[in-house]
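Reading the structure
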Amino acid sequence: MAKFNSLLSRLACVHASQSSLGRLAIPIASFSSPSTHPHKSKLYTRTFTSSPIASMPPKKPPVTEAKARLGRPKNNLEIGIVGLPNVGKSSFFNTLSKTDLGKAANFPYATIDPEEARIPVPDARFLWLCDLYKPASRVPAFLTCVDIAGLTAGASTGAGLGNAFLSHVRAVDGIFQVVRAFDDSEVIHVEGDVNPIRDMEIISTELRLKDIEWVEKKLETMKKGKPLTNTSLADKAKKEEIATTEKVLKLLSEQNKDVRKGNWTNKEIDHVNEMMLLTAKPVTYLVNLSEKDYIRKGNKWLAKIKAWIDENNPGDPLIPFSVALEERLMSLDDDAARAAEEKSIGATSNLGKITTAGYASLDLIRYFTCGPDEVRAWTIRKGTKAPQAAGVIHSDFEKKFVCGEIMTYNDLKEHGSEAAVKAAGKYRQQGKPYEMQDGDIAYWKSGA
């Protein structure tokens, strides 16, 4: 009898495990000793449900790898002022920095050694936060600008102290290229006459030729030594680096394109960044007009300059301005006098727009820390995670990072106070994976 019960149980289990049978009603007899409990012999129906086949979990969407950036991976970046001699570079630097550090003169190479200044980045959000918190200390974001001596045709081969000046360009992270589009018989032009298209071609050619020289030397060095194999990981890595370097050389010498306009994978960008190439740097074109042309918003060269940029370096920003007007506005006594003059002539200074464009060209953003002691803007690169953003203040904040208490500037402005932001549920705690957004207001928590 026990054997029979065991057989029925096993049969039930076998049938229940077959999903194709669905729900099975299997009669199972329950037996006891017939001599002692004959009246309890009974037929029970026990329902077995076949176990459904476990469905596969949904596939996770492919993780999109963050696009790597050309340039040095740091927050303290610099932008250099580049152009031919006597196009207004040093005068522009002086008005931008409100100093007389730049050696402005009516002859080439008045500037030899580069000058550097930190320029406050205009930001209405920062001013609003200062009005709200009324802090004892106010520290805006800054853009570091470097005045670099004029480049001439042949600079890539050393003409006109070209090698030294190009090394100064190599040391910065972005370029303000000043282009002269004003006529003035009293200001000589190193090429004899005013022609912005020719001038831009000269700068573009010299930067590209210097890059070609550096890349060819690097490629020659890399190919020296024993033949590379396909079995060694080090050899495979070196082959990839050589392939990237050859791709760079082809882009520069055959396609006549700047490195920043190439299509690069993240791994290739790592190799390109090691070369610190001149044409990999972002460029903002600043067209220096006469005061008259700037005020009337018209110049015979502007459309041609825009067409040249669209054809050769599409996407690069162009900003017209007038050094002559900026110098005159700066000479006025105070902000009220400057505002009155701007209103009377129907034109405003473009220095703020230029500074903001240079800051953005370097992929820089800022977040704020706010309180009665200080309102401060902290400069970071786009894509920076919360721990690294905290580390800009102090390295211990990154090493011992716990979390960040974050609210957006827009939420604070909408609700009017931190308490109101919290009540609206817009005050958030963010951990290590959080990517900082431009305009975040942060309070960091770190371990002891």
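Let me begin by describing the structure that accompanies this report.

Analysis parameters
- Residues numbered from 1 in each chain as written.
- Predicted model: local features only at pLDDT ≥ 70, side-chain atom pairs only at ≥ 80, totals over all residues.
- Heavy atoms only, no water.
- Buried < 20%, exposed > 50% of the residue type's maximum accessible area, 1.4 Å probe, protein only.
- Helix = DSSP H or I, 4+ residues; strand = E, 2+ residues; numbered from the N terminus.
- 1 Å grid on protein atoms, 1.4 Å probe; cavity = no way out; pocket = protein on both sides within 12 Å on 5 of 7 lines; lining within 4 Å.
- Points joined across faces, edges and corners; volume = space filled by probe spheres on them.
- Nonpolar A, V, L, I, M, F, W, Y, C, P; charged D, E, K, R; others polar.
- Pairing = 2+ DSSP bridges.
- Axes fitted to C-alpha atoms, helices over the stretch in contact; angles between N-to-C directions.
- Phe/Tyr/Trp six-rings, centres within 6.5 Å; stacked < 30°, edge-to-face > 60°.
- Contact = heavy atoms within 4.5 Å.
- Disulfide = S-S within 2.5 Å.
- Salt bridge = Lys/Arg side-chain N within 4 Å of Asp/Glu carboxyl O.
- Parallel < 35°, antiparallel > 145°, perpendicular 65-115°, else oblique.
- Core = buried A, V, L, I, M, F, W, Y, C linked by side-chain atoms within 4.5 Å.

1. Description of helix H7 (residues 266-275)
Along H7, the positions that sit buried rather than exposed are Asn266, Glu268, Ile269, His271, Val272 and Met275. Looking one or two residues past H7, Met276 carries a phi angle of roughly 50°, positive in sign.

2. A word on empty space enclosed by the protein
Scanning the model with the defined rule gives two cavities of 30 Å³ or more in all. Reported here for the largest cavity is a volume of approximately 70 Å³. Taken together, Gln177, Met200, Ile203, Ser204, Leu207, Asp258, Arg260, Thr279, Val283, Tyr285, Trp308 and Asn313 make up the full set of residues lining the largest cavity. Those elements that place two or more of their residues in the lining of the largest cavity are helix H5 (196-222) and strand E8 (283-288). Looking at which element gives the most residues to the lining of the largest cavity, the answer is H5, with four residues. Each pocket or cavity is described by its volume, and for the second largest cavity that value is around 40 Å³. When contributions to the lining of the second largest cavity are tallied by element, the ones reaching two or more residues are strand E7 (174-180) and H5. When its residues are assigned to classes, the lining of the second largest cavity shows six nonpolar, two polar and one charged.

3. A look at the sheet that holds E8
Read across the open sheet, the six strands follow the order E4-E6-E3-E7-E8-E9; overall the sheet is mixed. For this open sheet the edge positions go to strand E4 (115-120) and strand E9 (318-321), each flanked by a neighbour on one side alone. Recorded for the sheet is a direction-independent mean angle of 25° between the axes of neighbouring strands. With four bridges connecting them, E8 and E9 associate as parallel partners. Along E9, the bridge assignment pairs Val287 with Pro320.

4. Some points on the packing of aromatic side chains
In this structure the tally under the stated criterion is six aromatic pairs. Ring centres of Tyr367 and Trp444 lie 5.7 Å apart, and the angle between their planes is 85°; on these two criteria the pair is classed as edge-to-face. Of this pair, Tyr367 sits in strand E10 (residues 364-369) while Trp444 is found in strand E14 (residues 440-446), placing the two residues 77 residues apart along the sequence. For the pair shown, Tyr367 and Trp444 are each scored as buried.

5. Comments concerning the environment of Tyr285
With respect to the helices, strands and loops of the structure, Tyr285 is situated in strand E8. On the basis of relative accessible area, Tyr285 is assigned to the buried category, the value being 2%. In this structure, Tyr285 is in contact with Gln177, Val179, Met200, Arg260, Trp308, Ile309, Asn313, Asp316, Pro317, Leu318 and Ile319, ignoring residues within four places of it in sequence.

6. Some details on the state of the cysteines
This structure, assessed with the given rule, holds zero disulfides. Among the cysteines around Cys370, which has no disulfide bond, Cys130 carries the closest sulfur, lying 7.9 Å off.

7. What to know about the environment of Leu364
Here Leu364 shows up in strand E10. With 287 residues separating them in the primary sequence, Leu364 and Leu77 have C-alpha atoms 8.7 Å apart. Beyond its immediate chain neighbours, meaning those up to four positions away, Leu364 contacts Asn75, Leu77, Tyr359, Thr379, Ile380 and Arg381.

8. Brief notes about the pattern of salt bridges
One pass over the structure, following the stated rule, counts 25 salt bridges. A salt bridge links Arg260 to Asp316, with the nearest nitrogen and oxygen atoms 2.7 Å apart. Linking Arg260 in the loop between helix H6 (233-253) and H7 with Asp316 in the loop between helix H9 (302-312) and E9, this pair joins segments that are 56 residues apart in sequence. Taken together, the salt bridges that share partners define one network made up of Arg208, Asp258, Arg260, Lys261 and Asp316.

9. Regarding the packing of H6 against H7
The angle between the axes and the distance between the axes are what describe a pair of packed helices. In the contact formed by H6 and H7, the axes pass within 10 Å of each other and the chain directions differ by 70°. In this view, H6 runs roughly perpendicular relative to H7, as classed from their interaxial angle. Mapping the contact onto sequence places Glu240, Glu241, Thr244, Thr245, Lys247 and Val248 in H6 and Lys267, Glu268, His271, Val272, Glu274 and Met275 in H7. In terms of residue class, the contact of H6 with H7 is made up of three nonpolar, three polar and six charged.

10. Overview of the nonpolar core
Counting 90 residues, the largest nonpolar core has Phe92, Leu129, Phe176 and Val248 as the members making the most contacts within it. Residues contacting Phe176, with those up to four places away along its chain left out, are Ile79, Gly80, Ile81, Val82, Phe92, Leu143, Cys145, Thr284, Leu286, Ile354 and Gly358. Core analysis: the next-biggest nonpolar cluster, separate from the first, contains 13 residues, Ile380, Ala386, Ala390 and Met436 among them.

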